[in-house]
Every structure is written in C-alpha cells, then in structure tokens.
Amino acid sequence: EVQMGYLESKQILIPTREGYEFIDWSLSGSGASLTNNVFKMGTGDASLVANWKEKEMQLTIDPNGGTYNNKLNTQSFKLVYGQTKEIMDPVKEGYIFENWTISNNSSSLKNKVFTMGNQSTKLTANWKKGQYNLSIDPNGGKYNNSTSIINEKISYGNSKQISIPTRTGYEFKG
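Rules of the game
Residues numbered from 1 in each chain as written. Predicted model: local features only at pLDDT ≥ 70, side-chain atom pairs only at ≥ 80, totals over all residues. Heavy atoms only, no water. Helix = DSSP H or I, 4+ residues; strand = E, 2+ residues; numbered from the N terminus. Rg over C-alpha atoms; globule rule 2.2 N^0.38 Å. Salt bridge = Lys/Arg side-chain N within 4 Å of Asp/Glu carboxyl O. Buried < 20%, exposed > 50% of the residue type's maximum accessible area, 1.4 Å probe, protein only. Pairing = 2+ DSSP bridges. Axes fitted to C-alpha atoms, helices over the stretch in contact; angles between N-to-C directions. Phe/Tyr/Trp six-rings, centres within 6.5 Å; stacked < 30°, edge-to-face > 60°.

### Considerations on the overall build of the chain
Along its length, the chain carries zero helices and 14 strands. Of the regular secondary structure in the chain, the N- to C-terminal order runs β-β-β-β-β-β-β-β-β-β-β-β-β-β. Whereas a compact globule of 174 residues would reach a radius of gyration of roughly 16 Å, the chain reaches 33 Å, over 25% beyond that. When its C-alpha atoms are laid out on the principal axes, the chain stretches across 115 × 25 × 20 Å.

Below you can see the structure in the form of structure tokens.
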C-alpha cells in the first residue's frame, strides 16, 4: 500500500511471476489513470491488480539416434510451469539407455516424471553400447590351447576374429 496525493504520479514497474507472462494492469479508482506505466492518483482510493497468463514452454525430447514413443525424430510438447509429463525410456538397437541430459536446471526428471521449470527444456538420450556374451565351446577339442568353454564380451557392432579349434583325429568343418 502506497500513500499518494491527488494528481501525484508514480512510475510502476512491470512485475514478474515465475511461469507466467505479465499481460497488463486492472485499474480501479475514481479519476486514477495509468499511461506508459506511470500511475496518476485520482480523487479517491485506487488499486492496481496485475493480470497474468500462464507461460507456455516447450519440452523437446531428442532420442539421439534411438526411438522415443516409436518415432525416430525429435518430438516437442507444450507445457506450462509446474506441469508434469511421464517420460518413457527410449530404445536403440544394440544400445542400453543410460539416462537423459536435461538442458537447464529449472526443470527436473525424477522416476520418469518430468516437471517443467520456468524455461523451455530439451531432454537428450544418453546411450552406451550393449555388450553381449560370446561362448566358444571347443566341444572335445582345443581352442586357443584350452579345452574349456571360453566366454568373451563383445560390444554391439564389433567383430572378433575366431581361431580354428583343433581336435586330434578330426577335421574342423565350421
């Protein structure tokens, strides 16, 4: 509350509110006026009430070479401050999804629930190559001078040169 005299003027600052856009002022009061953010007192009490609209922000989801919601491309969604959205894990053949990188600190992602902060946000998928077990069983013969089954890990997309096993009295056919 501010005390002002008749026809006294005061510069009014534009207010801010997290997650909202300022639209304008609602003015009430006999003879009071507001022009270019300068308030002029009238002949009685007056009040200014800020008018707001929720600020729409964009959530962009980049599957980074994988698919999200069965789509390969980046997808965008309109959200307002504080709004939540369930975020499913993306998929990428031969890779394991690790986590999402969030482009700013105002939004959050916990237990697959995204909460929009006060600015547009991008989620980018992070991947690591899947590793798979290769078991080589010499089946009574020798592989690399061993009669035991050999287990090796190979990353997706990589190849391994396999030596030919040997077994006395047998010819390897593949």
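### Notes on the pattern of salt bridges
Applying the stated criterion across every chain yields a total of four salt bridges. With its nearest N and O atoms 3.3 Å apart, the salt bridge here joins Asp-89 to Lys-112. One end of the pair, Asp-89, is in the loop between β8 (84-86) and β9 (95-102); the other, Lys-112, is in the loop between β10 (108-110) and β11 (113-115), and 23 residues separate them in sequence. For the salt bridge of Glu-171 with Lys-173, the shortest nitrogen-to-oxygen distance reads 3.9 Å. Considered together, Glu-171 and Lys-173 belong to a single accessibility category, that of exposed residues.

### Things to note about the sheet that holds strand β6 (residues 56-62)
Judged by pairing direction, the sheet is mixed, and its four strands sit side by side in the order β7-β6-β12-β9 without closing on themselves. With partners counted over all chains shown, the strands left at the sheet margins are β7 (75-80) and β9, one partner each. Strand-to-strand, the axes of this sheet are offset by a mean angle of 25°, without reference to chain direction.

### Things to note about the packing of aromatic side chains
The description of an aromatic ring pair uses the distance of the two centres, along with the angle that the planes make with each other. Counted by the stated rule, this structure contains six aromatic pairs. For the pair Phe-22 and Trp-52, a centre-to-centre distance of 5.7 Å together with 75° between the ring planes defines the contact as edge-to-face. With Phe-22 in strand β2 (residues 20-29) and Trp-52 in strand β5 (residues 46-54), this residue pair connects regions lying 30 residues apart in the sequence. Note on Phe-22: relative accessible area 21%, which makes it partly exposed. For Trp-52, a relative accessible area of 24% translates into the label partly exposed. Members of the aromatic cluster, connected to one another through ring pairs, are Tyr-68, Phe-97, Trp-100 and Trp-127.

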